[in-house]
Amino acid sequence: MDKREVLLEVQNLSKFFTVNTSFFGRPIDVLKAVDNVSFKIYKGEAFGLVGESGCGKSTIGKMLVNLYTPTSGKIIYDGVELTALKQKERRKYCKEIQLIFQDPYASLNPKMTIGDIIAEPILINKILPKNEVEKRVNYLLDCVGLANHQRNRYPHEFSGGQRQRVGIARALAVNPKLIVCDEPVSALDVSIQAQVLNLLDDLKDEFGLTYLFIAHGLNVVKHISDRVGVMYLGKLMEVADKNELYNHPLNPYTQALLSAIPSVDITHKKERIILKGDVPTPINPPDGCRFASRCFRANDKCTEHCPELKDIANGHFVACDFCGEINTERRIILENKQT
Amino acid sequence: MAKKKVLAAEGADIQEAVVIEKPESRFKAMWDTLKKNKAALFGLFVIIILVIIAIIGPYITPYNPNKQIMNDAFQGPSANHWFGTDNLGRDIFSRIIVGTRVSLFVGVAAVAFSLLIGTVLGSIAGYFGGKIDAVIMRIMDIMLSIPSILLAITLMAALGKGIDKAIIAIGVVSIPEYARIIRSSILSTKENDYVAAAKVLGNSDGRIIFHHIIPNVVSSIVVRATLGISTAILDTAALGFLGLGVQPPTAEWGDMLGRVRSMVLVHPYMLIFPGLAITLAVLAFNLFGDGLRDALDPKSRS
Ligand SMILES: Nc1ncnc2c1ncn2[C@@H]1O[C@H](COP(=O)(O)OP(=O)(O)O)[C@@H](O)[C@H]1O
Ligand code: SF4
Ligand SMILES: [Mg+2]
């Protein structure tokens, strides 16, 4: 497994927002949008990042594409520590990591034709000589399933699904290696979602891409991802291969999320785990496990200290100190499988 | 294989396509709204007439606007002199026609001046935020705290007389307004994902401001500028009235008012006609500007 090449590694990444400062500029309330998160993304895979709205998924994505500067931690891309670079050097890596936005209505400049929207990044990054740009734009339109003759139209003439295709073509225009797909289908009609997901899946092979695929539910990433990370309130709770995670979730939060997906399998009717309470605010979060206030397995120690994300075995990471017996059980199974 | 799937997806997506409006129809929609607004149409009509007069005016005046014929002084409106003659025997109608050019030119040029500087300052403040924003906007606040006509008078006193100086004085005075409006437009526009996308795709800050943000705030700028011209015309007249505008004998509406202000009770016609010209021009730009705002603001469009 570890023979796979790491394309992106995130180490202890945090992003805090100061939401309230005292008169003298001292931060009073700190919003911990992303708190000490580490994970790896291997070349050619799709890494799904799942969690309820507001848990910090987009913030991670924005740090990867240099829209936010991390408060602390490292982003290592292809062996280069991006977070150590000067802003000018950092910008050179911009085109390597692209972003597909959640809202296809806000992510296209309404005053530009879609042809110009796709051509612009090619021109400003001098990816191709001017006379070849048009051909490239036509090719990209074709790749995302739009017709060439639509290139002179404006974004408002297109449907949400088509706009998202334009956004995908624009991201592809700079030949990126890694694309952060930030809930790319959640704003679309259910009937269109599958089409765009399939398109992204196809393009991944065609262009040799690696994805960080963000979604708020485990059902969306089930098809497209190879590995999945589950986030809760700025923390990664569990990371594992897709099948491992869906079949043997260890963290209580992951178990709760999975139990919420309606099952088609009648013989294995799952017990639905209903979480009590609402997601707490990420402003000045307590020291203990972030999930403690809602966890059905929480005990007193959970509020005392925050469990770290630990590799149980075979690349299955869990942050939960009190699923000990279950974890050990699973480790033995995994280790036996390996040998 | 992959390709086939993509194309199949396109076929399905086409049903989803809703053609909302054609690009050129956006202008048409604006025009349709404007057409229904009679006041705005009247404003536009007057503006067009004023522009035509400003261009051809000097060639069509019945009299030489600057020629003093003392025998003809103090004549009330008549068939010969429609608006009468002033204290120096100059034809008021001819002077008003010639004055149109000055008023419009100063109005438009002053707005262009303050728009240019206001756009740069407002863009920098809004886009970069932080300290630079605080510094720029505090300076603007200080300028706004001084009554604008007082500031303009002070500037004129420092710069001296003349149309070019009037343009600068009036222009400088309204910089804060433009800087403010552009800053706030930029603040809201820069939150759009397409600005973030432009950043991620490697656009420079300058390119983001001028290619991605400004084109999207242009409509609010146009509205403000149209309304601004009326203010500038009024300011020009005020400076002229105070004797700080154009050099004599150049005809300028405010100057025409100011020179004969002591005779208002005896010869009211001398003030009425230049006053009406100012009012009409100011009203026209205000009405048209208001109509433009309603037409461009999608919220007011049903
Ligand atoms: N620019 C910002 N300033 C302050 N708070 C922010 C900012 N961006 C995000 N946040 C906060 O960080 C948290 C995580 O946001 P986000 O990453 O967008 O969540 P997600 O994408 O998982 O829904 C939220 O509580 C959000 O309010
Ligand atoms: S550490 Fe405690 S609260 Fe957190 S997930 Fe595990 S059992 Fe639940
Ligand atoms: Mg998000």
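Residues numbered from 1 in each chain as written. Chains lettered and ligands numbered in written order. Predicted model: local features only at pLDDT ≥ 70, side-chain atom pairs only at ≥ 80, totals over all residues. Heavy atoms only, no water.

Undergrad: I keep staring at helix 8 (residues 193-200) of chain B and nothing clicks. Help me out?
TA: The α-helix winds at 3.6 residues per turn, so residues separated by three or four positions along the chain end up facing the same way. For helix 8 of chain B, the buried fraction is high: seven of the eight residues fall into the buried class. Every buried residue belonging to helix 8 of chain B is among Asp193, Tyr194, Val195, Ala196, Ala197, Ala198 and Val200 of chain B, and all of these are buried. For helix 8 of chain B, the elements touching its buried residues are strand 6 (97-100) and helix 5 (160-172) of chain A together with helix 7 (163-189) and helix 9 (205-241) of chain B. (Buried < 20%, exposed > 50% of the residue type's maximum accessible area, 1.4 Å probe, protein only. Helix = DSSP H or I, 4+ residues; strand = E, 2+ residues; numbered from the N terminus. Contact = heavy atoms within 4.5 Å.)

Undergrad: How should I be thinking about the sheet that holds strand 1 (residues 6-21) of chain A in this particular structure?
TA: Across a sheet, paired strands are connected by hydrogen bonds in the backbone, their directions being either parallel or antiparallel. All names here are of chain A. Across the sheet, four strands lie side by side as 2-1-4-5; this open sheet has antiparallel pairing. Looking at the sheet topology across the chains shown, the edges are occupied by strand 2 (27-42) and strand 5 (80-81). Where strand 1 lies against strand 4 (residues 72-77), five bridges are found, and the strand directions are antiparallel. By the bridge assignment for strand 4, Ser14 is matched with Ser72. Against the sheet, helix 1 (residues 57-64) makes contact with strand 1, strand 2 and strand 4, and its axis sits at roughly 115° relative to strand 1, the strand it touches most. (Pairing = 2+ DSSP bridges. Axes fitted to C-alpha atoms, helices over the stretch in contact; angles between N-to-C directions.)

Undergrad: What is the right way to read helix 9 of chain B from this model?
TA: Residues and elements named next belong to chain B. In this model, helix 9 (37 residues) spans only 45 Å end to end at C-alpha, well below the 54 Å of a helix rising 1.5 Å per residue. A bend of about 55° at Ile214 is the largest found in helix 9, and the proline Pro215 appears one to four places after it. In the segment just after helix 9, Gly243 is the residue with positive phi, at about 75°. (Expected span 1.5 Å × (residues − 1). Bend = angle between axes of the 7 residues up to and from the residue.)

Undergrad: Would you mind showing me how to read the site of ligand 1 here?
TA: Residues and elements named next belong to chain A. Taken together, Phe17, Leu31, Ala33, Ser53, Gly54, Cys55, Gly56, Lys57, Ser58, Thr59, Tyr68 and Pro282 make up all the residues around ligand 1. Cys55 places a main-chain nitrogen or oxygen 3.2 Å from an oxygen atom of ligand 1. Between ligand 1 and the protein, one listed contact pairs an oxygen atom with a side-chain N or O atom of Thr59 at 2.5 Å. Within the residue set of the shell around ligand 1, elements represented by two or more residues are strand 2 and helix 1. A total of three residues in the shell around ligand 1 trace back to one element, the largest contributor, which is helix 1. For the shell around ligand 1, the class distribution of residues is six nonpolar, five polar and one charged. (Near = heavy atom within 4 Å. Polar contact = N/O pair within 3.5 Å; in protein donor to acceptor, adjacent residues only side chain to side chain. Nonpolar A, V, L, I, M, F, W, Y, C, P; charged D, E, K, R; others polar.)

Undergrad: Where do I start with the site of ligand 2 in this structure?
TA: All names here are of chain A. Contacts to ligand 2 come from Pro252, Cys289, Phe291, Ala292, Cys295, Arg297, Ala298, Cys302, Pro307, Cys320 and Phe322. Taken atom by atom, the bulk of ligand 2 overlaps the largest cavity. Taken together, the residues that form the shell around ligand 2 break down as 10 nonpolar, no polar and one charged. (1 Å grid on protein atoms, 1.4 Å probe; cavity = no way out; pocket = protein on both sides within 12 Å on 5 of 7 lines; lining within 4 Å. Sits in = over half its atoms within 2 Å of the grid points.)

Undergrad: Explanation requested: the pattern of salt bridges in the structure shown.
TA: Counting across every chain of the model gives 21 salt bridges over all chains. Measuring nitrogen to oxygen at the nearest pair gives 3.1 Å for the salt bridge that ties Asp141 of chain B to Arg138 of chain B. Of this pair, Asp141 of chain B and Arg138 of chain B both sit in helix 5 (residues 130-145), three residues apart, roughly one helical turn. Look at Asp141 of chain B and you get partly exposed, because its relative accessible area is 28%. Salt-bridge contacts for Arg180 of chain B lead to Asp141 of chain B; the nearest nitrogen and oxygen are separated by 3.4 Å. Of this pair, Arg180 of chain B sits in helix 7 while Asp141 of chain B sits in helix 5, and the two are 39 residues apart along the sequence. Overall, Arg180 of chain B belongs to the partly exposed group, its relative accessible area being 44%. Overlapping salt bridges, with partners in common, bring together Arg4, Glu45 and Arg227 of chain A in one network. (Salt bridge = Lys/Arg side-chain N within 4 Å of Asp/Glu carboxyl O.)

Undergrad: In this structure, what is going on with the side chain of Thr119 of chain B? I would like to understand it.
TA: Structurally, Thr119 of chain B can be placed in helix 4 (residues 92-128). With near-sequence residues (within four places) excluded, Thr119 of chain B lies in contact with Ser114, Ile182 and Ile214 of chain B.

Undergrad: How should empty space enclosed by the protein be read in this particular structure?
TA: Empty space among the atoms becomes apparent when a probe as large as a water molecule is rolled across them. Residues and elements named next belong to chain A. According to the stated counting rule, one finds six cavities of 30 Å³ or more in the structure shown. What lines the largest cavity is a set of 16 residues, among which Cys289, Cys295, Cys302, Cys320 and Phe322 lie closest to the centre. Here the residues of the lining of the largest cavity sort into 12 nonpolar, two polar and two charged. (Points joined across faces, edges and corners; volume = space filled by probe spheres on them.)

Undergrad: What's the story with the pairing of strand 6 of chain A in this structure? I'm lost.
TA: Looking along a regular strand, one sees the side chains alternate between the two faces of the sheet. All names here are of chain A. Burial of strand 6 is two-sided: the residues Ile97 and Leu99 facing one way and the residues Gln98 and Ile100 facing the other way are all buried. Of the pairings in the sheet, the one linking strand 6 to strand 7 (residues 178-182) comprises four bridges and is parallel in character. Following the sheet pairing, Leu99 is matched in strand 7 by Val180.

Undergrad: Teacher, can you tell me more about the sheet that holds strand 10 (residues 235-241) of chain A here?
TA: Residue and element names in this part refer to chain A. Pairing in this open sheet of eight strands is mixed, and the strands run 6-7-8-3-9-10-12-11 from one edge to the other. Since the sheet does not close on itself, it has two edges, and those belong to strand 6 and strand 11 (310-313), each with one partner. Each strand of the sheet is rotated relative to its neighbour by a mean of 20°, with strand direction disregarded. Packing of helix 9 (residues 252-260) onto the sheet brings it into contact with strand 3 (46-50), strand 9 (227-232) and strand 10, and relative to strand 9 it is tilted by some 105°.

Undergrad: When you look at the packing of aromatic side chains in this model, what are you seeing that I'm missing?
TA: Centre-to-centre distance and the angle between the planes together describe a pair of aromatic rings. Counted under the stated rule, the structure contains 11 aromatic pairs over all chains. Taking the centre distance of 5.4 Å and the plane angle of 75° together, the rings of Phe17 of chain A and Tyr68 of chain A count as edge-to-face. Separated by 51 residues along the polypeptide, Phe17 of chain A in strand 1 and Tyr68 of chain A in the loop between helix 1 and strand 4 bring together distant segments of the chain. With a relative accessible area of 25%, Phe17 of chain A lands in the partly exposed category. With a centroid separation of 5.1 Å and 5° between ring planes, the pair formed by Phe39 of chain A and Phe47 of chain A is classed as stacked. Residue Phe39 of chain A shares its accessibility class with Phe47 of chain A, and that shared class is buried. Taken together, the ring pairs in this structure connect Trp82, Phe83, Phe93 and Phe273 of chain B into an aromatic cluster. Here Arg4 of chain A stacks its cationic end above the ring of Tyr42 of chain A, 4.3 Å away from the centre of that ring. The side chain of Arg224 of chain B reaches across the aromatic face of Tyr178 of chain B, ending 5.8 Å from its centre. (Phe/Tyr/Trp six-rings, centres within 6.5 Å; stacked < 30°, edge-to-face > 60°. Lys NZ or Arg CZ within 6 Å of the ring centre and 35° of its normal.)

Interpretation in functional terms is not warranted from these geometric data alone.
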